Amino acid sequence: MTDVLIAGSGPTGLALACELALRGIAVRILERRSGPHRESRGKGLDASSLEAFARLGVAERLCAIGNPGVILRKYFDGAHINDTPAGSNGLLIGQWQVEEVLRERLAGLGVPIEYGAGVVGITQDAGGVTARLADGRSVRAGYAAGCDGGHSSIRELLGIPFEGRTEEKVSMVLGDVTAPGLSRDHWHQWFTSDGGGILLCPIPGTDIFQLQAPPEADERGEPLPPSLESFQRLFDRHARMPGIRLADPTWLSSWQINVRMAARMREGRVFLAGDAAHVHPIAGGLGMNTGIQDAAALARTLAAAVTGPAPEGVLDVYEAERLPVAAEVLADTSRRMERVMAAVREPGRGTEAGMS
Ligand SMILES: Cc1cc2nc3c(=O)[nH]c(=O)nc-3n(C[C@H](O)[C@H](O)[C@H](O)COP(=O)(O)OP(=O)(O)OC[C@H]3O[C@@H](n4cnc5c(N)ncnc54)[C@H](O)[C@@H]3O)c2cc1C
């Protein structure tokens, strides 16, 4: 029988699956999507994630792909002001690249990702958990982990409140684009005295830049959806580099500020980890990293429970350790976001203001 069933193959679910498989625990990982994505999303691994990944035997591979010393190039009203370090001792790397390396590690451990396997129902009894999949199949396991992202079905199925706030307005459009002619040696950060700006970050080992910008607004002040045309207008307005044409969009997205956490991280034999348990501003780049730390902590709890004899109360250890961390990350990233928003009004400052 499967010891642990994991819903979701983002960084949290993949890290948890590796942690468990390396301990010899029988794990299955179910993913709703039909295959892997290639979106840059969370693009920074911090020192604690690299430490966890060294244990999993993937740090070297990730370091060979990523960039440990990204330099921010700051411009104000179109003029180049300065170049400064990013302010962290982590690794710049696209999220899909992290996921790919973890998937390869899992494949080496004999654990495939089961695509097209969205969990739509979950029940539990004294002996284990049964997950119902969208295609009607059932999967039985001793324990389950909902690593299924901010819109977690597992959290909703368990009836666990996701407490906090969501800002109604889209605060950022995002995407992966190419920008032939633009130097790939820097994370370009253009800000303007009207409060606007645009960021283009080179994703290592690719010709892609991750673009981030406050959205354009229509005549009623409503944000326009992300599109290549809108990205180009934002670039022309803030970067003022005629001749650079953005192209080849492989990811278009928009982002609203959410500051929310689950009221509980466990219901019986089912646990929540990563964005399923907490979502917060991106300043400081803590989202994926917090999920990876959740995965390490949850693996310790599950390993103790599965391999036993488990001490009394072992299942409570994970939530006791991680719920206070989630609360602190929500407060911390909100403060970091405020610091960044204030800093970028000063020439020569940028996202480094959120890194400490
Ligand atoms: C622009 C941007 C920049 C960011 N920068 C950083 C950064 O620098 N550092 C950082 O740490 N974080 C960063 N983040 C945040 C980071 O992307 C997320 O925190 C991270 O993806 C969370 O990982 P996760 O595995 O918990 O969830 P997800 O990555 O959301 O993965 C959840 C998975 O579960 C699957 N799923 C959903 N429902 C089901 C279901 N019912 N059954 C089965 N599978 C299901 C989904 O398809 C998905 O694959 C950034 C995010 C953005 C948008």
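Residues numbered from 1 in each chain as written. Predicted model: local features only at pLDDT ≥ 70, side-chain atom pairs only at ≥ 80, totals over all residues.

With that settled, consider the site of the ligand. Around the ligand sit 34 residues, and of these Gly10, Gly42, Gly274, Gly285 and Gly287 come closest. For the shell around the ligand, the secondary structure elements donating two or more residues are helix H1 (11–22) and helix H7 (287–307). Among the residues forming the shell around the ligand, the class breakdown is 10 nonpolar, 17 polar and 7 charged. (Near = placed C-beta within 6 Å. Helix = DSSP H or I, 4+ residues; strand = E, 2+ residues; numbered from the N terminus. Nonpolar A, V, L, I, M, F, W, Y, C, P; charged D, E, K, R; others polar.)

This part covers the environment of Val139. Of note, Val139 is situated in strand S10 (residues 138–146). Judged by C-beta crowding, with 19 C-beta atoms within 10 Å, Val139 ranks as partly exposed. (Buried ≥ 20, exposed ≤ 12 C-beta atoms within 10 Å, placed from the backbone.)

A cis amide bond links Gly308 with the next residue in sequence, Pro309, at an omega value of 0°. Non-glycine residue Arg41 carries a positive phi angle of around 35°. Position of Arg41 among the secondary structure elements: in the loop between strand S2 (27–30) and strand S3 (44–45). Not every positive phi belongs to a glycine, and Arg240 is a case in point at roughly 55°. For Arg240, a count of 14 C-beta atoms within 10 Å corresponds to the partly exposed category.

On to helix H4 (residues 95–108). Between its first and last C-alpha atoms H4 spans 20 Å; for 14 residues at 1.5 Å apiece the expected length is 20 Å, and the two agree. When we look at burial in H4, the residues that qualify are Gln95, Trp96, Gln97, Val98, Glu99, Val101, Leu102, Arg105 and Leu106. Immediately beyond the C-terminal end of H4, within one or two residues, lies Gly110, with a positive phi of roughly 80°. (Expected span 1.5 Å × (residues − 1).)

Within the open sheet, the 8 strands sit side by side as S5-S4-S12-S13-S14-S11-S15-S18. Their pairing is mixed. Two strands lie at the open edges of the sheet, namely strand S5 (79–85) and strand S18 (278–279), each paired on one side alone. Sheet analysis places strand S4 (residues 71–76) next to strand S12 (residues 187–191), joined by 5 bridges and oriented parallel. Bridge assignment links Leu72 to a residue of S12, and that residue is Trp187. (Pairing = 2+ DSSP bridges.)

Close contact between H7 and helix H8 (residues 317–343) brings their axes to 9 Å; oriented N to C, the two are set at 170°. Considering the angle they form, H7 stands roughly antiparallel to H8. The element H7 and its partner H8 pack so that their crossing is right-handed. Counted together, Thr290, Asp294, Ala297, Leu298 and Thr301 of H7 and Val317, Tyr318, Glu321, Arg322 and Val329 of H8 form the full contact between these two elements. Residues of the contact of H7 with H8, tallied by class, amount to 5 nonpolar, 2 polar and 3 charged. (Axes fitted to C-alpha atoms, helices over the stretch in contact; angles between N-to-C directions. Parallel < 35°, antiparallel > 145°, perpendicular 65-115°, else oblique. Left-handed = near helix turned anticlockwise from the far one by under 90°. Contact = placed C-beta atoms within 7 Å.)

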